[in-house]
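Observations on the three-dimensional arrangement
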Amino acid sequence: MSFAEEQLDAAARGMAVDDLDARIEEQLEAERGKDLLRFSTAGSVDDGKSTLIGRLLYDSRNVYDDHVRAVTRDAAIDFAQLTDGLRAEREQGITIDVAYRYFSTAKRKFIIADTPGHEQYTRNMATGASTADVAIVLVDARKGILDQTRRHACIASLLGIPTVIAAINKMDLMEFSQEVFEQHRRDLEALAQRLEIPELIPVPVSALEGDNIVHRSQRMPWYTGQSLLGLLETVPLAIERAHAGLRFPVQRVLRPHQDFRGFAGQIAAGTVRPGDEVVALPSGFRTRVRSISTWDGELDVARAPQSVVLTLEDERDISRGEMIASASAPPHRTTRFEATVVWMHATPLRAGATYLLKHTSQTVRAHVAEIRSRIDVEHLEERGTDQLALNDIGRVVIETSRPLLADTYRESRSTGSLILIDSADNATAGAGMIRSITDAAETTTTVAQASGALITLGARPHLAAELESALLGTNVLVLRTRARGVRAELLAVARLGAVVLAESDTSGPVLLTTGDAGAAETHVLAGEQATEILNELQRLGAIPTGDTDDDAVTR
Amino acid sequence: MTATAIADRSAVPLHEDGKRATAVDRFNHIQLLEAESIHILREVVAEFQNPVMLYSIGKDSSVMLRLAQKAFYPAPIPFPLLHVDTGYKFDEMLEFRDRYTSELGVKLIVWRNEEALADGANPVRLGTQRCCGLLKTQALLDGLRAHGFDAAFGGARRDEEKSRAKERIFSFRDSTGQWDPKNQRPELWNLFNARIGLRESIRVFPLSNWTELDIWHYIHLEKIPIVPLYLAKERRMLVRGDSLIPVEQSFVQGLPGEEQWVKCRLRSLGCSPCTGAIRSDADTVPKIIAELMAVRNSERANRIIDHDQDGSMEIKKREGYF
């Protein structure tokens, strides 16, 4: 008998299961009805952000007694201390990084990404906002909209948060005045319009005294809206607002035995059903979904953000980094696009620089073609610039060595986002949101279609030398080698768009295997002239055709 | 992912062809958390050469193991488990470990700091801080290095403790295994930067966003086996003030009258000399959940080691502790 069976068996003998368990089960039913809302908070040291979160947790009964005891001095609870994190910060009295908090109410579970409002910590704010459904921006009722308010709202807007709640705090210091609130509300509405924030909701609060945080305030009867928590409990999740075709980036191929080839991934957007016609990209071959396989059985339907395994009707070799997508509404296939980039590295971003770019499950080389502007997030203006420094945000044109299968960030957050990695120190140097795609699928540079190839030459040193020198004159990456027993590795190199010339001492025909992972095929070459082979490479799309000037990105 | 299977397992009948109906309008929090964790597990296996899962035998490890089964199904779990055995774990934990892992058919590596144990390291002689440093942190770092693991899954959750609240999901460690809380990689969306240099490594926390209640709820729904120490029964304890100290090791000696039979259970599992029990009647998982919903103290309040100095968990983590 297995462990699980044994434990169930014990329960079945009546040792444990009783009325109490049945009653608890009813409570758990209610618990299972809760979804999960993520919100970010941003604010500066004296905005009272930590106090606001502390109050939210305390009034909604989400704080443990031992934590409250630890921050109570002279019978007064220091709400800000409830949420302050690391030791260094306690000493400095500020919050310095993104801290995540968890709480729940009868209606919902919540994850707070609590980020600092300091100017130099734009990157933290962007980090917290990247997964948020809602952003809470703090406004000091005494001061109204400040530079930092605009900064927070601007970052929330750039990171595509659909709902922004403006908590107008310290109303207790303004005698709970309706005029003060109305003035700030008008200013905020203008700001929302300018930043194209779909929904901005102002709430008058006092975090210190608990007004309109969890409970509706008795001291502001003129305010007819919901408390802050009331709003958080009713706002829809961002994912429920997304409407895109199927996007399924392949994370890993599962091949437990000969009869099963499954593609594991998390659905980035859309819905999938067995029988749906899909396209595998970038190879472009079409097939149908055979099954949606999971540990809990096969599914009739799955949708974002589920993690599943898809099997397809046709046996094709699809690997990590490729995407299975809706055949009728596929993503863009692009090697050149404009993105809004949040820069997070001490070394500024400059045109001409090369980084690694991670987008869905694929990592490619990226070349910064142009820096178009820097966004002044405090004055909401764009200025021309030739570089982005740490914590700058700007518009940048990026070219990639292999095509991305992408949507704009507005269309789909998860297929429109990317990170840039510095290949020297492996740091996450920047985060990007695709704004517009400048090369449509048809006009994609030839590089995009160049699949690379592995050519097995055997003992033909003259032919190898000839091919090598011919290819060195183009923009194609060439590798000539005599390494043995590394065919898989050489194919992987070929897939990067390279031509691998593999020599050995064996005799036999010249074999050409294209590096296109979607449709790798091996051809036996009849002709053994270099020019014939080069033509064949072009015909098969293994190397670019025509004008090589377009292929600058292969560098 | 279980899709509606989690929420509606009993309510949704299987179709004749064995498929489960899944007409849901929205996902609940457990389904969302499960999907996220599976994504993380797969991403690590795809990006790293030699990953390992730290297996502590506790409830979080049990959940992590189930998620790993789901992530790679129908293929087997593609990495081994590493248990850092301090030598002072409860016998019931070790029995559970050996039986459950062999039942699942996963490879288990057990690592102990034999040298320190031979020198008689224990918390009474060394104090909890030094004892933990040698038997947990040092043993963990040695074990990871000896096998050349470049990524290690841990079951830590951000809601457990303040310093964990700002831990990344992919947490970078330098070549000596240290954590620098001021120099963490920003983590946006679900795009994890998996690039590391020679001898550097990553700790990965697939359960980062789960709460203690979510863990128990999932154990209940998925019928995941747990060490019986979590369930209340009469046990021999040293009763000292509010504390219940398990009587397992000979160096844990009570004063006359302290040793009593008490109905109690453990809320988190650690080493027997340093893990206090709580008085409880919760002898089933649903009762544990009910207790949790009513309880007013945090989960690690019974861990003697977390309180040995202010900010002590953060110090341990910097040094390489999970």
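Residue positions are counted from 1 within each chain, in the order its sequence is given. As they are written, the chains are lettered A onward and the ligands numbered 1 onward, keeping that order. Where totals are concerned, whole chains, interfaces and linings use all residues; where local detail is concerned, this predicted model gives features only for residues with pLDDT of at least 70, and gives and counts side-chain atom pairs only at 80 or more. Note that water and hydrogens are dropped before the side-chain values are worked out from all heavy atoms of the structure.

**Re the packing of aromatic side chains**
All names here are of chain A.
- Pairing of aromatic side chains requires ring centres within 6.5 Å, counting the rings of Phe and Tyr and the six-membered ring of Trp. Pairs whose planes differ by under 30 degrees are stacked, by over 60 edge-to-face, and all others tilted. Within this structure, the stated rule accounts for 16 aromatic pairs over all chains.
- Ring geometry for Trp343 against Tyr355: centres 5.3 Å apart, planes inclined by 75°, an arrangement best described as edge-to-face. Here Trp343, found in strand S18 (residues 332-343), pairs with Tyr355, found in strand S20 (residues 354-359); they are 12 residues apart in sequence, far enough to count as distant.
- When its relative accessible area of 0% is taken as the criterion, Trp343 is described as buried.
- Exposed residues in this analysis have more than 50% of their type's maximum accessible area, buried residues have under 20%, and partly exposed residues fall in between, with area computed by a 1.4 Å probe over protein chains only. Overall, the relative accessible area of 7% leaves Tyr355 in the buried class. Here a helix means four or more residues in a row that DSSP labels H or I, a strand means two or more in a row labelled E, and each is numbered from the N terminus.

**Comments concerning the pattern of salt bridges**
- Salt bridge, as used here, is a side-chain nitrogen of Lys or Arg placed within 4 Å of a carboxyl oxygen of Asp or Glu. Tallied over the entire structure, the rule returns 60 salt bridges over all chains.
- For the salt bridge of Asp214(B) with Lys109(A), the shortest nitrogen-to-oxygen distance reads 2.7 Å. Taken together, the residues Asp214(B) in helix H8 (residues 212-222) and Lys109(A) in strand S5 (residues 108-116) connect one chain to another.
- One salt bridge connects Glu503(A) with Arg480(A), and the closest N-O pair in it is separated by 2.7 Å. Of this pair, Glu503(A) sits in strand S29 (residues 499-503) while Arg480(A) sits in strand S28 (residues 478-481); the two residues are 23 residues apart in sequence, bridging distant segments of the chain.
- One salt-bridge network, held together by shared partners, links Asp296(A), Glu34(B), Arg66(B), Lys70(B) and Glu222(B).

**Regarding the nonpolar core**
- Formed by 153 residues in total, the largest nonpolar core has its most connected members in Phe39(A), Leu232(A) and Phe170(B).
- By definition in these notes, contact holds between two residues if any of their heavy atoms fall within 4.5 Å. Setting aside residues no more than four positions away along its own chain, Phe39(A) makes contact with Leu56(A), Phe103(A), Phe110(A), Ile111(A), Ile112(A), Ala113(A), Ala132(A), Val134(A), Ile136(A) and Leu232(A). Working definition of a nonpolar core: buried Ala, Val, Leu, Ile, Met, Phe, Trp, Tyr and Cys residues. They are joined through side-chain atoms within 4.5 Å.

**Concerning the confidence of the model for chain B**
Residue and element names in this part refer to chain B.
- Known as pLDDT, the predictor's confidence for each residue is given on a scale from 0 to 100. Of all residues in chain B, 83% attain a pLDDT of 70 or more, and the chain-wide mean is 83.
- Mean pLDDT across the elements of chain B bottoms out in helix H1 (residues 4-8) (33) and peaks in strand S1 (residues 51-54) (98).
- Across residues 1-24, confidence stays below pLDDT 50; counting only partners more than four residues off in sequence or on other chains, it has 60 contacts.

**As for the side chain of Gln266(A)**
- Along the chain, Gln266(A) falls in strand S11 (residues 260-266).
- Separated by 2.8 Å, the side chain of Gln266(A) and the backbone oxygen of Pro305(A) make a polar contact.
- As used in this structure description, the phrase polar contact means that two N or O atoms lie within 3.5 Å; if the pair is within protein, one of them must be able to donate a hydrogen and the other to accept it, and residues adjacent in sequence are counted only when both atoms belong to side chains. In terms of polar contacts, Gln266(A) uses its side chain to reach the side chain of His39(B), at 3.3 Å.

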